Amino acid sequence: MSAPDHSIQLDPPSRALTAARALAPLVRELRDEGERLRHVPPAMSEALAQSGLLQMFLPRGIGGEETAPLVAFDAIEELSRADGSIGWCTMLASILTAFTGWLAPEVGRAMAGSPADLRMAGSIRPQGKARPVAGGYRIDGQWDFASGIHYARWLTCPCVVMDGDKPALTATGAPRTRIMWVPAEQATILDTWDVIGLRGTGSHDFVVKDLFVAEAYSSSLAEAPKHPGALYVPRMFFTWVWTVTVANAMGIARGAIDTFAAIATSKASTSSTQLLRDRPRVQAQTAHAEAALQSARAYVRNTVGEVWERVSRGETELDGPILQARLAITHGMHEAARAVDTAFHAAGTNAVYRKNHLERYFRDIHVTLQHGAALHQHFEAAGQALLGKRPVDPGW
């Protein structure tokens, strides 16, 4: 009689994670070129597009896969482990494809083509003006932080809808806004991306002047989505898309710890010939960094996974689980940065040399922390909810 098999049976990796792992060597090969160019190298963007990873949140009705948030998390984390900028652009591109959930299927299919190949960049800030005209709008504006704009085919251009010389107002008195979907060739890129971190994202400004946009190529998250999937439930939208944002931060942290471990096994420092790995203080710092990252990662995956399962079943009474998922995401952004900082300081003077790449993870994570998902106001909103108050911020 054979002995029972007590081995753990692991689920096979998703198609997205398999694709990300396959691309990781190319990401490492081209990351220095991206840093020099200040945008994603053409060979890299083409490989990403062919893999489907630039459109993970595209609706099935447009030809996409509607990738579950934690599946997309795994893929973004893997790419970001190799290079924060490539992971960031892949994350942003997929987030923007989620907005197509508010476009009519025929419009989305016309944009994406068949098979779907939608390459997105743009902004989520209403930095343009849209004047209603027959059949649509004429828009003008300048938008910033358009990560991946060099390879984009379509741009999101959020605008304030004008009523004469003043913004049109909603029933609550706020300016009415709409996203305008614009072919990338209709915009002018301004070379503004000269920054300390995430240099390879090409997050330049762009300008659109007096362009007509048909009504069908405009949308608003304030309206009902045009696609039925759980990804497009309005209250959940920022939970899902910020799940891949924290994945980028955690991938950067994972890459930093990996890089530090390689340094520690081969380098000493200017103050001692003893290898870093043999020093008790460095050993403890390594453990602290690992624990910070792994515990925060588990918090994100447990809470987001629970909310996804419950929303997919059609549940709507989710105040507590949503609170925990939103809190886990913001907490995870900051814990990822703490892990990187710990590894950076443990490396001593080795950390400052560009050849060791640890300094790039350090620079990248601190730019990542400027993202809206990491804002301290989310801690305040979580605290309000935990103390029995209704948060001011939407989505809680």
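The structure reproduced in this document is the subject of the present report. Since the model is a prediction, treat every value here as computed from it, not as a measurement.

## A closer look at the overall build of the protein chain
Part 1: Counting its regular elements, the protein chain contains 10 helices and 9 strands.
Part 2: The C-alpha radius of gyration computed for the protein chain amounts to 22 Å, which stays within 12% of the reference 21 Å derived for 396 residues, consistent with globular compactness.
Part 3: By the burial criterion, 55% of the 396 residues in the protein chain qualify as buried.
Part 4: Accessible surface computed for the protein chain: about 17,700 Å², of which carbon and sulfur atoms make up 55%.
Part 5: Charge centroids of the protein chain, computed over 39 positive and 40 negative side chains, lie 3 Å from each other.

## Concerning unusual backbone geometry
Negative phi values dominate among residues other than glycine, just as trans dominates among peptide bonds.
Part 1: Ser 114 connects to Pro 115 through a cis peptide bond whose omega is -5°.
Part 2: Within the fold, Pro 115 resides in the loop between α5 (105–112) and β1 (120–122).
Part 3: In this model, Arg 38 sits at a positive phi of 70°, which is unusual for a non-glycine residue.
Part 4: When you line up the elements, Arg 38 lands in the loop between α1 (15–37) and α2 (42–51).
Part 5: Of note, the phi angle at Leu 198 is positive, near 50°, even though the residue is not glycine.
Part 6: Along the chain, Leu 198 falls in the loop between β7 (188–190) and β8 (204–214).

## Describing the packing of helix α6 (residues 237–264) against helix α9 (residues 358–368)
Part 1: As a packed pair, α6 and α9 sit with axes 9 Å apart at the nearest point and diverge in direction by 160°. Compared by their axis directions, α6 and α9 come out roughly antiparallel. Seen from above, α6 lies across α9 with left-handed handedness. Every residue of α9 that contacts α6 at Asn 248, Ala 249, Ile 252, Gly 255, Ala 256, Thr 259, Phe 260 and Ile 263 is listed here: Leu 358, Tyr 361, Asp 364, Ile 365 and Thr 368.

## Here we look at the layout of surface pockets
Part 1: Its boundaries defined by the atoms lining it, the largest pocket holds a volume of some 530 Å³.
Part 2: The element contributing the most residues to the lining of the largest pocket is strand β6 (residues 177–183), with 3 residues.
Part 3: Of the residues belonging to the lining of the largest pocket, the class tally is 10 nonpolar, 4 polar and 3 charged.

## Some thoughts on α5
Part 1: Residues of α5 that are buried: Val 107, Gly 108, Met 111 and Ala 112. The buried residues of α5 occupy an angular sector of 125° when projected down its axis, which confines them to one face. Those residues of α5 that are exposed and aimed more than 90 degrees away from the buried face are Glu 106 and Ala 110.
Part 2: The inward-facing, buried residues of α5 contact β4 (154–163) and β6.
Part 3: Gly 113 occupies a position one or two residues after α5 and carries a positive phi of about 80°.

## A word on empty space enclosed by the protein
Part 1: Taken as a whole, this structure holds 2 cavities of 30 Å³ or more when the rule is applied.
Part 2: Its volume calculated, the largest cavity comes out at about 50 Å³.
Part 3: Surrounding the largest cavity, Leu 30, Arg 31, Gly 34, Glu 35, Val 40, Pro 41, Asp 83, Ser 85, Ile 86, Gly 200 and Arg 360 form its lining.
Part 4: For the lining of the largest cavity, the secondary structure elements donating two or more residues are α1 and α4 (84–98).
Part 5: For the lining of the largest cavity, the leading source of residues is α1, giving 4 residues.
Part 6: Residue composition of the lining of the largest cavity, by class: 4 nonpolar, 3 polar and 4 charged.
Part 7: One number sums up the size of the second largest cavity: a volume of about 30 Å³.

## So, the pairing of β4
Part 1: Counting buried residues along β4, 9 of its 10 residues qualify, which places the element largely inside the surrounding structure.
Part 2: By the bridge criterion, 3 bridges tie β1 to β4 in an arrangement that is parallel. Following the sheet pairing, Met 120 is matched in β4 by Trp 154.
Part 3: Direction of pairing for strand β2 (residues 128–133) relative to β4: parallel, over a ladder of 3 bridges. Across the sheet, Gly 128 pairs through a bridge with Cys 159, a residue of β4.
Part 4: As paired elements, β4 and β6 share 7 bridges and run antiparallel to each other. From the neighbouring strand, Cys 157 faces β6, where its bridge partner is Met 180.
Part 5: Bridge count for β4 against strand β5 (residues 166–167) is 2 bridges, and the pairing is antiparallel.

## Concerning the packing of aromatic side chains
Part 1: One pass over the full model with this rule turns up 10 aromatic pairs.
Part 2: Aromatic side chains Phe 237 and Phe 238 sit 5.4 Å apart centroid to centroid with 90° between the ring planes, which places their arrangement in the edge-to-face category.
Part 3: Look at Phe 237 and you get buried, because its relative accessible area is 2%.
Part 4: Between Trp 240 and Trp 308 the ring centres are 5.0 Å apart and the planes differ by 80°, which places this aromatic pair in the edge-to-face class.

## Concerning the nonpolar core
Part 1: Residues Met 44, Leu 53, Trp 181, Trp 240, Met 250, Phe 260 and Leu 358 are the most contacted members of the largest nonpolar core, which totals 101 residues.
Part 2: Per element, the largest residue contribution to this core is 16 residues, and it comes from α6.
Part 3: Formed by 21 residues, the second largest nonpolar core is a distinct cluster that contains Cys 159, Val 161, Ala 168 and Val 213.

Calculation notes
- Residues numbered from 1 in each chain as written.
- Predicted model: local features only at pLDDT ≥ 70, side-chain atom pairs only at ≥ 80, totals over all residues.
- Heavy atoms only, no water.
- Helix = DSSP H or I, 4+ residues; strand = E, 2+ residues; numbered from the N terminus.
- Rg over C-alpha atoms; globule rule 2.2 N^0.38 Å.
- Buried < 20%, exposed > 50% of the residue type's maximum accessible area, 1.4 Å probe, protein only.
- Areas by Shrake-Rupley, 256 points an atom, 1.4 Å probe, with all protein chains shown as cover.
- Lys, Arg positive; Asp, Glu negative; His and termini not counted.
- Charge placed at Lys NZ, Arg CZ, Asp CG, Glu CD.
- Axes fitted to C-alpha atoms, helices over the stretch in contact; angles between N-to-C directions.
- Parallel < 35°, antiparallel > 145°, perpendicular 65-115°, else oblique.
- Left-handed = near helix turned anticlockwise from the far one by under 90°.
- Contact = heavy atoms within 4.5 Å.
- 1 Å grid on protein atoms, 1.4 Å probe; cavity = no way out; pocket = protein on both sides within 12 Å on 5 of 7 lines; lining within 4 Å.
- Points joined across faces, edges and corners; volume = space filled by probe spheres on them.
- Nonpolar A, V, L, I, M, F, W, Y, C, P; charged D, E, K, R; others polar.
- Arc of directions from axis to C-beta.
- Pairing = 2+ DSSP bridges.
- Phe/Tyr/Trp six-rings, centres within 6.5 Å; stacked < 30°, edge-to-face > 60°.
- Core = buried A, V, L, I, M, F, W, Y, C linked by side-chain atoms within 4.5 Å.

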